[in-house]
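Secondary and tertiary structure notes
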Amino acid sequence: MLQKGSIAPDFELFDSNLQKVKLSEIQGKVVLVFYPGAFTSVCEKELCTFRDMLSRFNNLNATVLGISVDSPFANKAFAEKNRLNFRLLSDFGGIVARQYGGVHENFVGIPNYTVAKRAVFVVENGQVIYAWVTEDPRIEPPYDEIEKVL
């Protein structure tokens, strides 16, 4: 897992509209929200909380990006269902998740089903200024703590 002060690995992933998003091209602070899977109860609650906090984050010059191993198509349906107002990126294969907070292999006992660990990183000028990862996918991140960092 990356720690505060680490150099944030740059990446380029597709969003739910099949547009490429490159971390290093985003200005200001970036909140990377890794979530295990679209259409799961805790992920839905978490991403809707970020949706509801987005105006405060925008006022703090922060961009929120949700990242999961789901396909762009699943992410699009998930974003539409929940009226998410930030981009969801597809880390199909979990390469970026492995570089940041890690993955759960054989998730919920399903062989070869790999998902991102629930994690939040705040990146500014290519450096990690906040890192939070949980081994328990049922635990939501400390939203107030993230807002304070911003």
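Numbers given to residues run from 1 along each chain, matching the order in which its sequence is written. Residue-level local features of this predicted model are given only where pLDDT is at least 70; pairs of side-chain atoms are given and counted only at 80 or more, and the full residue set underlies all totals for whole chains, interfaces and linings. No hydrogens and no water enter the side-chain calculation; it runs on all heavy atoms of the structure.

A closer look at the packing of aromatic side chains
Here a pair means two rings of Phe, Tyr or Trp (six-membered ring of Trp) with centres within 6.5 Å. Their orientation is stacked below 30 degrees between planes, edge-to-face above 60, and tilted elsewhere. Under the definition given, this model contains nine aromatic pairs. Ring geometry for Phe-39 versus Phe-78: centroids 5.2 Å apart, planes at 65°, classification edge-to-face. Of this pair, Phe-39 sits in the loop between β3 (29-34) and α1 (41-59) while Phe-78 sits in helix α2 (residues 72-82), and the two are 39 residues apart along the sequence. Accessibility here uses a 1.4 Å probe with only protein chains present; expressed as a share of the type maximum, an area under 20% marks a residue as buried, one over 50% as exposed, and anything in between as partly exposed. On the accessibility criterion, Phe-78 (0% relative accessible area) is buried. Summarising the aromatic geometry, the rings of Phe-50 and Tyr-143 are spaced 5.4 Å apart at their centres and angled 70° between planes, so their arrangement reads as edge-to-face. Note that Phe-50 is positioned in helix α1 and Tyr-143 in helix α4 (residues 143-149), a separation of 93 residues in sequence. Taken together, the ring pairs connect Phe-11, Phe-34, Tyr-100 and Phe-121 into an aromatic cluster. Numbering of helices and strands runs from the N terminus, with a helix taken as a DSSP run of H or I at least four residues long and a strand as a DSSP run of E at least two residues long.

Side note on the layout of surface pockets
Both cavities and pockets are sets of points on a 1 Å grid over the protein atoms alone; in a cavity a 1.4 Å probe fits but cannot get out, in a pocket the set is open with protein on both sides within 12 Å along at least five of seven lines, and lining residues sit with an atom within 4 Å of a point. Grid points are joined across faces, edges and corners, and a volume is the space filled by probe spheres set on the points. Counted as a void, the largest pocket has a volume near 170 Å³. Ala-8, Asp-10, Leu-23, Ser-24, Ile-26, Gln-27, Gly-28, Val-30, Val-123, Glu-124, Asn-125 and Gly-126 together form the lining of the largest pocket. Throughout this entry, Asp, Glu, Lys and Arg are counted as charged residues, while Ala, Val, Leu, Ile, Met, Phe, Trp, Tyr, Cys and Pro are counted as nonpolar. The remaining residues, Gly among them, count as polar. Taken together, the residues of the lining of the largest pocket sort by class into five nonpolar, five polar and two charged.

With respect to the side chain of Asp-70
Structurally, Asp-70 is set in the loop between β4 (62-68) and α2. We score Asp and Glu as negative and Lys and Arg as positive, and we do not count His or the chain ends. We count a salt bridge whenever a side-chain nitrogen from Lys or Arg sits within 4 Å of a carboxyl oxygen from Asp or Glu. Nearest to the buried, unbridged Asp-70 among oppositely charged side chains is Arg-118, at 10.0 Å. A polar atom in the side chain of Asp-70 sits 2.9 Å from the side chain of Ser-68. By definition, residues are in contact when any of their heavy atoms lie within 4.5 Å. The contacts of Asp-70, once residues within four sequence positions are left out, are Tyr-35, Pro-36, Gly-37, Ala-38, Asn-75, Ser-90, Asp-91 and Phe-92. Under the rule applied, a polar contact is a pair of N or O atoms within 3.5 Å (in protein, one hydrogen donor and one hydrogen acceptor; residues adjacent in sequence only if both atoms are side-chain atoms).

With respect to the pairing of strand β1 (residues 12-15)
Relative to strand β2 (residues 20-22), β1 runs antiparallel, the two sharing three bridges. The partner of Phe-14 across the bridge, within β2, is Lys-20. We call two strands paired when DSSP finds no fewer than two bridges between them. Linkage of β1 to β2, two consecutive antiparallel strands, is achieved through a turn of four residues, within which Leu-18 is found at a positive phi near 60°. Across two bridges, β1 lies against strand β5 (residues 87-90) in antiparallel orientation. Paired with Phe-14 across the bridge in β5 is Ser-90.

Interpretation note: all reported values are geometric properties and have no functional meaning in isolation.
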